[in-house]
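# Summary of the model geometry
For reference, the chains in residue letters:
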Amino acid sequence: MNEKTREKPNPGIVVLTGAGISRESGLDTFRDADGIWSRVRIEDVATPEAFARDPERVHEFYNARRAGLAAGEIVPNAAHAALGRLEAEWPGGVLVVTQNIDDLHERAGSRNVLHMHGELLKVRCGFCDAQAACTGDLGVDVACPECAVAGGLRPHVVWFGEMPLEMERIYQVLEGCGLFLSIGTSGNVWPAAGFVAHVKQAGGAHTAELNLEPSEGAVLFDETLYGRATIIVPAYIEKILTAGW
Ligand code: APR
């Protein structure tokens, strides 16, 4: 164990993940050359205005992604599994703050997962605010299981222009952690892109970026490792569990 880890035994670890960690499971990222936003316009499918204008178009987009996720061949990969191992074996707290709306972290054994951009396998009612599980197709004629009114259900995801979920809790754990790990995110979207600076301001924590290529905020990290998540994440987690950071 090195100096930092000895200072506060078992400090908490916060892991921010993005679409890159699920790429090798067969889920597209957003901004890579073959990414989702190279095929679909954000303004057509991922804003409250798009939903107000053409809800069926928005449902079609998320229904296709939900069907893809529910399809048998999409399974967690070695990077997800390594984070499940970290939570199980690290004596301090481990929280995965994910921008991803898939359920691969949970399927890989992570329990402490905070979906700051929502979850694809959940819906929310615009009339009664109830949330419910959803693995099938959604449409304007589907009634809310709680208030039974049709036309108000929307994917439980955070669209552009909306506030991400549980931001107060996220900033609290960022300020108290000993290690901030960022995996598979391009650092283009705020407020997640600002987490590393927030951790640095809070002082003390070690910060590391694991990604295929440098993100927008790469220079802010104490440590950077580049490569495919299924290769570099298990190796880095092994290092943390055996020698700290
Ligand atoms: N292993 C590691 N990193 C990878 C891999 C891989 N196999 N494949 C791609 N990456 C990296 C890319 O280099 C890129 O930096 O993952 C990152 C994905 O970046 P984005 O597509 O921008 O995805 P993300 O950062 O998660 O986007 C943030 O934007 O579109 C919104 O709400 C959406 O949550 C999303 C948010």
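Residues numbered from 1 in each chain as written. Predicted model: local features only at pLDDT ≥ 70, side-chain atom pairs only at ≥ 80, totals over all residues. Heavy atoms only, no water.

## Regarding the site of the ligand
Taken together, 23 residues are adjacent to the ligand, and F30, R31, T185, S186 and E213 come closest. Take H117: an N or O atom from its side chain is 2.9 Å from an oxygen atom of the ligand. Within the backbone of A229, a nitrogen or oxygen atom sits 2.9 Å from a nitrogen atom of the ligand. Looking at side-chain class alone, the shell around the ligand contains 7 nonpolar, 10 polar and 6 charged residues. (Near = heavy atom within 4 Å. Polar contact = N/O pair within 3.5 Å; in protein donor to acceptor, adjacent residues only side chain to side chain. Nonpolar A, V, L, I, M, F, W, Y, C, P; charged D, E, K, R; others polar.)

## What about the pattern of salt bridges?
With the rule as written, the count across this model stands at 12 salt bridges. Two residues, D34 and R23, come together in a salt bridge whose shortest N-O distance is 3.0 Å. Of this pair, D34 sits in the loop between β1 (13–17) and α2 (42–45) while R23 sits in the loop between β1 and α2, placing them 11 residues apart in sequence. The network of salt bridges with shared partners includes R85, E89 and E238. (Salt bridge = Lys/Arg side-chain N within 4 Å of Asp/Glu carboxyl O. Helix = DSSP H or I, 4+ residues; strand = E, 2+ residues; numbered from the N terminus.)

## Quick notes on the nonpolar core
The biggest cluster of nonpolar side chains holds 24 residues, and the ones touching the most others in it are I13, L86, L181, V233, I237 and I240. Taken together, the elements giving at least two residues each to this core come down to β1, α5 (78–89), β2 (94–98), β7 (179–183), β8 (206–211) and α9 (229–243). No other element matches α9, which puts 7 residues into this core. Other than its neighbours up to four places away in sequence, L181 contacts V14, V15, L16, A208, L210, Y236, I237 and I240. Residues W37, V45, V58 and L120 belong to the second largest nonpolar core, which totals 18 residues. (Core = buried A, V, L, I, M, F, W, Y, C linked by side-chain atoms within 4.5 Å. Buried < 20%, exposed > 50% of the residue type's maximum accessible area, 1.4 Å probe, protein only. Contact = heavy atoms within 4.5 Å.)

## Focus: the sheet that holds β1
If you trace the 6 strands from one edge of the open sheet to the other, you get β3-β2-β1-β7-β8-β9, paired in parallel fashion. Of all strands in the sheet, those bounded by a partner on one side alone are β3 (113–115) and β9 (223–226). On average, each strand axis in the sheet is inclined to that of its neighbour by 15 degrees, with strand direction left out of account. Pairing analysis gives 4 bridges linking β8 to β9, with the strands arranged parallel. (Pairing = 2+ DSSP bridges. Axes fitted to C-alpha atoms, helices over the stretch in contact; angles between N-to-C directions.)

## A short note on the confidence of the model for the protein chain
Low pLDDT marks regions whose predicted coordinates should not be analysed in detail. Averaged over the protein chain, the pLDDT score is 95; the fraction of residues at 70 or greater is 96%. Predicted confidence for residues 1–6 stays below pLDDT 50, and this span has 11 contacts to residues more than four positions away or in other chains. (pLDDT = per-residue confidence, 0-100.)

## Regarding α9
Between its first and last C-alpha atoms α9 spans 20 Å; for 15 residues at 1.5 Å apiece the expected length is 21 Å, and the two agree. What α9 keeps buried is the set A229, T230, I232, V233, Y236, I237, I240 and L241. Looking at the buried side of α9, the elements it contacts are β1, α5, β7, β8 and β9. (Expected span 1.5 Å × (residues − 1).)

## Brief notes about helix α7 (residues 167–176)
Looking only at α7, the buried set comprises M167, I170 and L174. For α7, the angular spread of the buried residues around the axis is 60 degrees, confining them to a single face. In α7, the exposed residues that point more than 90 degrees away from the buried face are E168 and Q172. On its buried face, α7 is in contact with β1, β2, β3, β7 and α8 (195–202). (Arc of directions from axis to C-beta.)

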